[in-house]
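Residue-level listing of the chains:
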Amino acid sequence: MILVTGATGNIGSALLRELYAQGAGPLRALTRDVSRAAFPAGVEAVEGDLAVPESLEPALAGARSLFLPSRVGPDAEIIAAARLAGVEHVVLVSSITVLTHPHLGPAAENQAVERLLKDSGMDWTVLRPTQFASNALMWAASIRSGDTVRAPFADTGLPTIHPGDIASVARVALTEPGHRGRTYALTGPEPVSARQQVAAIGTAIEREVPFAGIGRQEARAWMAEVFGAEAADAVLDVTGGDVNDELLAVRDSVRHLTGRPARPFRQWAADHADAFRRAGAHPHL
């Protein structure tokens, strides 16, 4: 039994589809609301919330492998509950900032979760992805309304990763031998700046999207409202104020682990074009 938590998220939903297509299983999906979730036929949907570890007991019962995104709930309690339930192997999604920016608060928290898992007695695989392509969804409302997208560090390019590639690596780690006790840094195939991301979205929706670079303080003001001050500072430090060679490095781990190259940002934009289209708009046939 493989239990996928975060099963309706960007990574978890793609992981479930890959596992199902491969015939892996049995499969179980954790969701906060079973009535609103749609999973492939044969996937067992179980209601529970990572933020409430005591709610996880039905989902963990009988599970031998667990896919777990870090820092969604109280990780120490979640990991303890998994071990108590008899889980043998956990694939954890951490962050590349554990490697590149260990001095920042969120990176230190991820590193602490990694250590908890490694000390738990269960087998483990740790995935450390870089910036998610899906972070671009923060611009969706502006793009749909025709407003100018404003972003800091407009021309700093990071090797942004398609969440589907993280899912593919997780599928390999969960179903193939040789990945227990391993840590993988994951990136996309090339650096892509905010300006280039917006241009790629414009290509996907077949209209020009206006873009303007802004300063750190202006960006921090709205990011702090959305994510909190600490998270805003960490993101801004990573993406512009404290960029280093480790963060900028393009890694070939997705191709090495899955057998196919990592997908570029323009592929993610094409896959999710509908999220950025104006209501009633349709692509040219």
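Conventions adopted
Residues numbered from 1 in each chain as written. Predicted model: local features only at pLDDT ≥ 70, side-chain atom pairs only at ≥ 80, totals over all residues. Heavy atoms only, no water. Helix = DSSP H or I, 4+ residues; strand = E, 2+ residues; numbered from the N terminus. Rg over C-alpha atoms; globule rule 2.2 N^0.38 Å. Buried < 20%, exposed > 50% of the residue type's maximum accessible area, 1.4 Å probe, protein only. Contact = heavy atoms within 4.5 Å. Lys, Arg positive; Asp, Glu negative; His and termini not counted. Charge placed at Lys NZ, Arg CZ, Asp CG, Glu CD. Expected span 1.5 Å × (residues − 1). Phe/Tyr/Trp six-rings, centres within 6.5 Å; stacked < 30°, edge-to-face > 60°. Pairing = 2+ DSSP bridges. Axes fitted to C-alpha atoms, helices over the stretch in contact; angles between N-to-C directions. Core = buried A, V, L, I, M, F, W, Y, C linked by side-chain atoms within 4.5 Å.

1. Section: the overall build of the protein
The helix and strand tally for the protein stands at 13 helices and 9 strands. By the compact-globule yardstick of 19 Å for 285 residues, the protein fits well, its C-alpha radius of gyration being 19 Å. Overall size of the protein, expressed as C-alpha extent along the three principal axes, is 50 × 45 × 35 Å. Buried positions account for 46% of the 285 residues belonging to the protein. A sequence separation of at least 24 residues applies to 74% of the contacts in the protein between residues at least 6 apart. Placing the 26 positive and 32 negative side-chain charges of the protein at their respective mean positions leaves the two points 4 Å apart.

2. Describing helix H8 (residues 194-205)
Between its first and last C-alpha, H8 extends 17 Å over 12 residues, near the 16 Å set by a 1.5 Å rise per residue. In the core, the buried residues of H8 are packed alongside helix H6 (140-145), strand E7 (149-152), strand E9 (211-214) and helix H13 (265-271).

3. Concerning the packing of aromatic side chains
Scanning all chains against the criterion turns up 2 aromatic pairs. Ring centres 5.5 Å apart and planes at 35° place the aromatic pair Phe-265 and Trp-268 in the tilted group. Residue Phe-265 and its partner Trp-268 are located together in helix H13, separated by 3 residues, close to a single helical turn. A ring pair is formed by Trp-268 and Phe-276, whose centres lie 6.0 Å apart and whose planes are at 75°; its orientation type is edge-to-face. Note on accessibility: Trp-268 and Phe-276 belong to one class, buried.

4. Let's talk about the sheet that holds strand E5 (residues 89-93)
Across the sheet, which stays open at both edges, the 7 strands sit in the order E3-E2-E1-E4-E5-E6-E8 with parallel pairing between neighbours. The sheet is open, and its two borders are formed by strand E3 (44-47) and strand E8 (182-186), each paired with just one other strand. Sheet twist, expressed as the mean angle between neighbouring strand axes with direction ignored, is 20°. Where strand E4 (residues 65-69) meets E5, 5 bridges bridge the pair, whose relative direction is parallel. Along E5, the bridge assignment pairs Leu-66 with Val-90. Packed on one face of the sheet, helix H5 (residues 105-118) meets E5, strand E6 (123-129) and E8 and runs near 165° to E6. Along the sheet face, helix H7 (residues 163-175) touches strand E1 (2-4), E4, E5, E6 and E8 and points at about 165° away from the line of E5.

5. Focus on the nonpolar core
Counting residues in each nonpolar core, the largest one holds 28 residues, and the members touching the most others are Val-4, Leu-15, Leu-19, Phe-67, Leu-127 and Leu-186. For this core, the element with the highest residue contribution is H7, accounting for 6 residues. Among all residues touching Leu-19, those that are not within four sequence positions of it are Ile-2, Val-4, Ala-24, Leu-27, Arg-171, Leu-174 and Thr-175. Residues Ala-194, Ile-205, Val-209 and Phe-265 belong to the second largest nonpolar core, which totals 22 residues.

By themselves, these are just geometric observations and shouldn't be taken as functional.
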